[in-house]
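Spelled out, the chains give:
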Amino acid sequence: MSNPATPPRSLAEALRARDDASLAVLLRARPDLITPVPTDLTQLATRAGTRASVLRALERLDRFALQTAEALAVAGDPASYQELLGLMAGDGGDPVVAGELPRAVAALRDQALVWGDDDRLRLVRTAREVLAPSPQHPSPTGLGPTVREATSGMSPGRIQELVAAAGLPSTHDPVSAVDALTKLFGHRKKMAKLLAAAPAESREVLSRLVWGPPYGQITPEPAAHLRWLLDRGLLLPTAPGTVVLPREVALHLREGRAHREPEPVPPAVEPGAVHRPQVVDATAAGQAYTALATVEELLKDWDEGGPAVLRAGGLSVRDLKRTAVALDLPEPIAAFWVELAYAAGLLASDGEADERYAATPAYDEWLDRPSAERWAQLAEAWLTATRTSGLVGGRDAKDRALSALGPGLDRSAAPEVRHRVLTLLAALPEGTAPAADSVLARLRWERPLRGPQQRDDDLRGRLARWTLSEAELLGVTGRGALSAHGRALLGAPAAPAATAAASAGSGPGSGSGSAAKAASSTQPTGPGDKLPVHHHHPAPGFPAPAPLSTPEQAVAAATAGRLLAPLLPEPLDHVLLQADLTAVAPGPLRRPLADALGVLADVESKGGATVYRFTPASVRRALDAGRTASDLHAFLAEHSRTPIPQPLAYLIDDVARRHGHLRVGAASAYVRCDDDTVLNEIMADKRASGLLLRRLAPTVLATQADPAALLEGLRAMGYAPAAESAEGDVLITRAHAHRTPPRTAPEPVPDGPPPPDSTLLAAAIRAIRAGDLAATTPRKSTGAAVRGGELPRTTPAETLATMQAAVLTGDTVWIGYVNAEGTATQRVIAPVRVEGGFVTAYDHTADEVRTYPLHRVTGVAELAEE
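Overview of the structure. (Residues numbered from 1 in each chain as written. Predicted model: local features only at pLDDT ≥ 70, side-chain atom pairs only at ≥ 80, totals over all residues. Heavy atoms only, no water.)

Regarding the nonpolar core
Judged by nonpolar contacts, the single largest core of 89 residues is most densely connected at Leu 44, Leu 234 and Leu 235. With seven residues, helix H5 (residues 63-73) is the largest single contributor of residues to this core. Contact partners of Leu 44, with chain neighbours within four places excluded, come to Leu 15, Leu 23, Leu 26, Leu 27, Leu 33, Pro 38 and Ile 768. (Core = buried A, V, L, I, M, F, W, Y, C linked by side-chain atoms within 4.5 Å. Buried < 20%, exposed > 50% of the residue type's maximum accessible area, 1.4 Å probe, protein only. Helix = DSSP H or I, 4+ residues; strand = E, 2+ residues; numbered from the N terminus. Contact = heavy atoms within 4.5 Å.)

As structure tokens, this is what we get:
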């Protein structure tokens, strides 16, 4: 074990000096490090330095922590805290930067990207390689190579010429000459004197390169002002026709700052509008009811079997357009509802040979639940789904079209972005809607875009915009502000009393105070103070806690549903019949009434009140379903608050009188009617020519068309035929609800390994500590050298004798052990009993008594006495 007073010489030693709480912070922030669990701290440090893991960790830093890492990448290795502070705050200092820098360094330490004490801060080598400037990968700081790096291929004579032109005495070797130039460029007064003598055109060239990119092009015969800079090493050649501004010169011109604009504090989420909380909740509840109605209408439209599944999977463009027309919505919004129903497990493909989309059995269960519970299920599915409907209509990496319900729509960052956007809304006073641009600015600070490719494809920004619009569609927000049930869905606590009181006044400026507090900085910490190793509470600049676990999210959704329930309208059991053959439903109808009325009449308009229109076709549809005229009169009389208008009564009686007068059966198909004059009219009608009818008897016509086509043709001519069976009975036609086999909702695609829970963290840390103990415990020499990481090797007889001796003496020994899965480990044990081919011992690495088969022990060695 390393001495705590001795500075660590490697990342492994730095990790070894951490306590369990600090290791837990590291493994929670970087769960890829324990997949699988490392055997010891050396392996953990090695894994923490791999390129893939470092890149993932860098992508999860906030802007200021990333700027700090970028500054360390251009600082010395190692760098002192004072040097880092100078790079971040500049020569003039910046109290806000100085106050926030300890937090940023602590965050980098927490994630094992930086290790070492304050006087020897080291950036992990892989992170330095990623962030350090190079011609192929310019640094975000805009700085170029150091003088030493830029002159590495320069001849010694040329270096001496630079030293002489800069007014420095010549040296005996190029190394000392480069050191002299470096010291000159880093000396503020001497550099100011040197630059004061520069021509104005030369200073203009430096000003164009100072903030990057530091490279420029020159001709083979440079102008005099460029030659002045080249002669003094203020510009150094890197390739034919290319020069670079040395890092030390740029830092002098920048007054010591690595970044043009350090951003130590996150931008505040600005309020865009303020509404009364009651108005927000009522608006959100109204939209929640509309969401339920839209999903019901969608799946009712697909009740007898929806669109066909494309060969590559998903919904065709034509079917999506047809669905959008049926829902009277734009196609992107229709795609959102289709994807939401799919994410909630309410629709899926039926898996048949002629594969189609249809409702699942879970849809019928969903319909039977109260409205608030149905909304909670939709909202929970939306919040946790990785499928992103906003991508529909775009192209994937292989330039293939992305279709609704098709592959390629999963974005693992979607749940986190949705949760974070709603969390930012929850931090505002109740009733306050944010300015969308300020939300995007805050998210970009929390997860900055590092490369040009990322900036071109700002997925998190698009996800945030989609989240704001989808939350409004779903009723999580109302008028842009988070509702009370939306706050509960997030698992956020209720607004503080002071905040609620401020919002109750509904003043135009009531949102500004909270937003400013959200951006407040921590108390300044002196640069010499010992920096904390880990944080147990999120700092002001850090994102809010991670999304809830699955059980916690289910509880939060249920709570949100209970809050929403009193705000949803109660279903009605009546309509208002009008003389123009319409019925007005002044609110949502109870399900049996809505289903029956949907058969008897057509929906003409929707909104706060739904208008149904009665037509001959709709009445005939009800009669085809087995209703009689008297049934329809009784149904309307029971459920109407107004008398049945005479025109409606006449319509029902007239259609019923003609319904079934003609009978259609299968010959291929035939028409029979007791009144031969009706058949004569049909034969004489030109519209019947396509049916190819011929008379078999005075009261019977036959055709080769199938019965369904014949029925449709006669109905198009204005008749009301009825289908009959082979026995001559009228066939009752009811809609057949097509359902898929039982289906589960699609599983979200995780963004890397899932965050470990407390139990897994404790077990992993104990296993890592145990393996590290076994790997680092001093051992007595056995005559054969055992290299680090190798298991001890002894004969079975030597193993048994050493174990028995340790039982008698109570000594602790080091063993190699191979388990039943073939995994080899090192363990430190204190044998208690040896019998029957097994050794029972207290395992120091597992901190418990265990029994091991002796034939699985590769060898044993005594530990050195300390």
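Some details on the packing of aromatic side chains
All chains considered together, the criterion is met by three aromatic pairs. For the ring pair Tyr 817 and Tyr 852, a centre distance of 4.8 Å and an interplane angle of 65° mean the geometry is edge-to-face. With Tyr 817 in strand E21 (residues 813-818) and Tyr 852 in strand E24 (residues 848-853), this pair connects stretches of sequence that are 35 residues apart. Under the relative-accessibility criterion, Tyr 852 is labelled buried at 3%. Lying across the ring of Trp 366, Arg 374 places its NZ or CZ 5.1 Å from the centre. Between the NZ or CZ atom of Arg 627 and the centre of the ring of Phe 635, over which it lies, the distance is 5.6 Å. (Phe/Tyr/Trp six-rings, centres within 6.5 Å; stacked < 30°, edge-to-face > 60°. Lys NZ or Arg CZ within 6 Å of the ring centre and 35° of its normal.)

What to know about the packing of helix H6 (residues 81-89) against helix H7 (residues 95-110)
Their axes nearest at 10 Å, the elements H6 and H7 cross at an angle of 125°. The orientation of H6 with respect to H7, classified from their angle, is oblique. At the point where H6 passes H7, the crossing takes the right-handed sense. Mapping the contact onto sequence places Tyr 81, Leu 84, Leu 85, Met 88 and Ala 89 in H6 and Val 97, Ala 98, Leu 101, Pro 102 and Val 105 in H7. Of the residues assigned to the contact of H6 with H7, the class counts are 10 nonpolar, no polar and no charged. (Axes fitted to C-alpha atoms, helices over the stretch in contact; angles between N-to-C directions. Parallel < 35°, antiparallel > 145°, perpendicular 65-115°, else oblique. Left-handed = near helix turned anticlockwise from the far one by under 90°. Nonpolar A, V, L, I, M, F, W, Y, C, P; charged D, E, K, R; others polar.)

Considerations on empty space enclosed by the protein
By the definition in use, this model includes five cavities of 30 Å³ or more. A volume near 90 Å³ is recorded for the largest cavity. Forming the walls of the largest cavity are Phe 336, Glu 339, Leu 340, Ala 343, Trp 382, Ala 385, Arg 387, Thr 388, Ser 389, Arg 418 and Glu 470. Ranked by the residues each element gives to the lining of the largest cavity, the list is headed by helix H18 (residues 331-343), at four residues. Here the residues of the lining of the largest cavity sort into five nonpolar, two polar and four charged. If you add up the space inside the second largest cavity, you get close to 50 Å³. Taken together, Leu 440, Leu 443, Arg 444, Arg 447, Leu 449, Asp 458, Arg 460, Gly 461 and Ala 464 make up the lining of the second largest cavity. If you list the elements that add at least two residues to the lining of the second largest cavity, you get helix H22 (436-446) and helix H24 (459-474). Across the lining of the second largest cavity, the residue classes break down as four nonpolar, one polar and four charged. (1 Å grid on protein atoms, 1.4 Å probe; cavity = no way out; pocket = protein on both sides within 12 Å on 5 of 7 lines; lining within 4 Å. Points joined across faces, edges and corners; volume = space filled by probe spheres on them.)

Some thoughts on the pairing of strand E25 (residues 857-862)
A regular strand places its side chains so that they alternate between the two faces of the sheet. Counting buried positions along E25 gives five out of six residues, so the element sits mostly inside the fold. Both E21 and E25 contribute to a ladder of five bridges, which runs antiparallel. Bridged to Trp 814 within E25 is Ala 861. (Pairing = 2+ DSSP bridges.)

Remarks on the sheet that holds strand E23 (residues 838-843)
Pairing in this open sheet of five strands is antiparallel, and the strands run E24-E23-E22-E21-E25 from one edge to the other. Each edge of the open sheet carries a strand with a single partner, namely E24 and E25. The mean angle between the axes of side-by-side strands here comes to 45°, regardless of whether they run parallel or antiparallel. Relative to E24, E23 runs antiparallel, the two being bridged by six bridges. Paired with Thr 840 across the strands is Thr 851, a residue of E24. Docked against the sheet, helix H36 (residues 796-809) engages E21, strand E22 (824-835), E23 and E25, running at close to 60° with respect to E22.

With respect to the environment of Ala 335
Within the secondary structure, Ala 335 is located in helix H18. For the pair Ala 335 and Gly 390, spaced 55 residues apart in the sequence, the C-alpha separation amounts to 8.1 Å.

Brief notes about the packing of helix H16 (residues 277-301) against H18
In contact at an axis separation of 10 Å, H16 and H18 are set at 85° when each is read in the N-to-C sense. By the angle between their axes, H16 is roughly perpendicular relative to H18. Across the interface between the two elements, Ala 291, Thr 294, Val 295 and Leu 298 of H16 pack against Trp 337, Val 338 and Ala 341 of H18. For the contact of H16 with H18, the per-class residue count stands at six nonpolar, one polar and no charged.

Digging into helix H34 (residues 707-716)
Listed as buried for H34 are Leu 710, Leu 711, Gly 713, Leu 714 and Arg 715. Just beyond H34, the residue with positive phi is Gly 718, at close to 100°.

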